[in-house]
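Working through the structure, step by step
Here are the chains, one letter per residue:
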Amino acid sequence: MNSPRRTELLAAGAATVSVVLWASAFVSIRSAGSVYSPGALALGRLLAGALTLGVICLVRREGWPPRPAWPGIAVSGLLWFGLYMVVLNWGEQEVDAGTAALVVNVGPLLIALLGARLLGEAMPPRLPAGMAVSFAGAVAVGLSMSGEGGSSVLGVALCLLAAVAYAGGVVAQKPALARASALQVTTFGCLVGAVVCLPFAGQLAHEAAGAPAAATLNMVYLGVFPTALAFTTWAYALARTTAGRMGATTYAVPSLVVLMSWPALGEVPGLFTLAGGALCLAGVAVSRSRTRAARVVAVGPRPGHDRESTP
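Rules behind the numbers
Residues numbered from 1 in each chain as written. Predicted model: local features only at pLDDT ≥ 70, side-chain atom pairs only at ≥ 80, totals over all residues. Heavy atoms only, no water. Helix = DSSP H or I, 4+ residues; strand = E, 2+ residues; numbered from the N terminus. Buried < 20%, exposed > 50% of the residue type's maximum accessible area, 1.4 Å probe, protein only. Contact = heavy atoms within 4.5 Å. Salt bridge = Lys/Arg side-chain N within 4 Å of Asp/Glu carboxyl O. Phe/Tyr/Trp six-rings, centres within 6.5 Å; stacked < 30°, edge-to-face > 60°. Lys NZ or Arg CZ within 6 Å of the ring centre and 35° of its normal. 1 Å grid on protein atoms, 1.4 Å probe; cavity = no way out; pocket = protein on both sides within 12 Å on 5 of 7 lines; lining within 4 Å. Points joined across faces, edges and corners; volume = space filled by probe spheres on them. Nonpolar A, V, L, I, M, F, W, Y, C, P; charged D, E, K, R; others polar. Core = buried A, V, L, I, M, F, W, Y, C linked by side-chain atoms within 4.5 Å. Lys, Arg positive; Asp, Glu negative; His and termini not counted. Polar contact = N/O pair within 3.5 Å; in protein donor to acceptor, adjacent residues only side chain to side chain. Patch = residues over 30% accessible without salt bridge, like charges linked within 9 Å, V, L, I, M, F, W, Y side chains within 5 Å. Areas by Shrake-Rupley, 256 points an atom, 1.4 Å probe, with all protein chains shown as cover.

Looking now at the overall build of the protein. Per the secondary structure count, the protein includes 14 helices and 0 strands. Here the protein holds 311 residues, and 51% of them are scored as buried. Put simply, of all contacts in the protein between residues at least 6 apart along the chain, 90% involve residues at least 24 apart.

Okay, the environment of Tyr-84 next. Within the secondary structure, Tyr-84 sits in helix H3 (residues 70–91). Given a relative accessible area of 10%, Tyr-84 falls into the buried group. Along the sequence, Tyr-84 and Gly-168 sit 84 residues apart, while their C-alpha atoms lie 10.0 Å from each other. Sequence-distant contacts of Tyr-84, that is, excluding residues within four places in its chain, are made with Phe-26, Leu-79, Val-104, Ala-162, Ala-165 and Tyr-166.

A separate point is the pattern of salt bridges. Per the stated rule, a full pass over the model turns up 1 salt bridge. Here Glu-62 ties to Arg-60 by a salt bridge, and the two come within 3.4 Å at their closest N and O atoms.

This brings us to the packing of aromatic side chains. Taken as a whole, this structure holds 13 aromatic pairs when the rule is applied. Between Trp-22 and Trp-234, the ring centres sit 5.0 Å apart and the planes meet at 45 degrees, which makes this aromatic pair tilted. Of this pair, Trp-22 sits in helix H1 (residues 3–32) while Trp-234 sits in helix H10 (residues 213–238), placing them 212 residues apart in sequence. For Trp-22, a relative accessible area of 10% translates into the label buried. Summarising the aromatic geometry, the rings of Trp-70 and Phe-188 are spaced 5.5 Å apart at their centres and angled 75 degrees between planes, so their arrangement reads as edge-to-face. With Trp-70 in helix H3 and Phe-188 in helix H8 (residues 182–196), this residue pair connects regions lying 118 residues apart in the sequence. By relative accessible area, which is 10% here, Phe-188 ends up buried. Linked through ring pairs, Trp-22, Trp-80, Phe-81, Tyr-84, Tyr-166, Phe-231 and Trp-234 together constitute an aromatic cluster. Between the NZ or CZ atom of Arg-240 and the centre of the ring of Tyr-236, over which it lies, the distance is 3.7 Å.

Summed over all chains, the structure comprises 1 cavity of 30 Å³ or more. Its volume calculated, the largest cavity comes out at about 160 Å³. In terms of lining, the largest cavity is formed by 14 residues, of which the most central are Trp-22, Phe-26, Tyr-84, Val-104 and Tyr-166. The element contributing the most residues to the lining of the largest cavity is H1, with 4 residues. The residue inventory of the lining of the largest cavity, partitioned by class, reads 11 nonpolar, 2 polar and 1 charged.

Core analysis: the largest hydrophobic core is formed by 70 residues, its most contacted members being Phe-26, Trp-80 and Tyr-84. Among the elements that take part in this core, H1 stands out by supplying 11 residues, more than any other. Once residues lying within four places of it in the same chain are set aside, the contact partners of Trp-80 are Trp-22, Val-75, Met-85, Ala-165, Tyr-166, Gly-169, Val-170, Gln-173, Phe-231 and Trp-234. Core analysis: the second largest hydrophobic core is formed by 5 residues, Ala-112, Met-131, Ala-248 and Tyr-251 among them.

Time to look at the side chain of Arg-45. Take Arg-45: it is sitting in helix H2 (residues 38–60). One buried charged side chain, Arg-45, makes no salt bridge at all; its nearest oppositely charged neighbour is Glu-92, positioned 7.5 Å away. Within the local environment of Arg-45, its side chain forms a polar contact with the backbone oxygen of Leu-222, the two atoms lying 3.4 Å apart. Once residues lying within four places of it in the same chain are set aside, the contact partners of Arg-45 are Ala-25, Ile-29, Met-85, Met-219, Leu-222, Gly-223, Pro-226, Thr-227 and Phe-231.

The subject of this paragraph is a nonpolar patch on the surface. Judged by side-chain polarity, Val-17, Phe-225 and Leu-229 come together as a nonpolar surface patch covering roughly 220 Å² of accessible area. Among the structural elements, Leu-229 can be located in helix H10.

This is the structure:
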């Protein structure tokens, strides 16, 4: 297998790991959020993630990121690891997991637009089409679940704010990955987020003292897997493709959240919900597919042709 093809497959596999674990995070947040307040849950999650990533960095002797990578690390840590996690936790106390996943997945649209505006990324012809299909599916998922009375204006507004923070964090992270490893960017971004959430330390200590073991284990799970592992695999994949295409991949999350919520939270999806989930997955397939011309370029660009213009 040639090197470019192998790299593409590894990046796709890494993105898949991130998507599955992030879908599970919506379910775990919904469960742990019944015991922990939004800020305390975010801080506990980030501390568990930072500890896990720190140990891995020591074993691998990663060292400190280069100075040019720090602006992107700091902004992504503030927006994505800090603000995003707090407002998402708060939003999921007001809306169900499926609706939260729907609203947050406005983020990929913002990522594609910000990536084109700030990073100069091209908009491949199939990316908007795939995003449109997936967004239609996500809307179907949200509409099918919103009739239960769990949605609120505050919850939707908080999830929209989470989407904005998520998009800004991804776009800030992309340039940092050109100067530092995926593990470095994730580890120090997580540390920045933990520092931002330190004002919630008192709440975390108080709530952890009386919390049932299941809620605390959910918080630790959020830190080790959807944070430490999933954010690292995401950064690995993001370093090898555009922010827009990576953002489109997360449109699979709402359908996975519905499937996971079924056994974990007792939310039984209806046919309309399942149809919407299928559309989400179909849109991801479309957005990640390439035209015949793009595949030819990927195998071996001809002199004078820009490979990055047809991702």
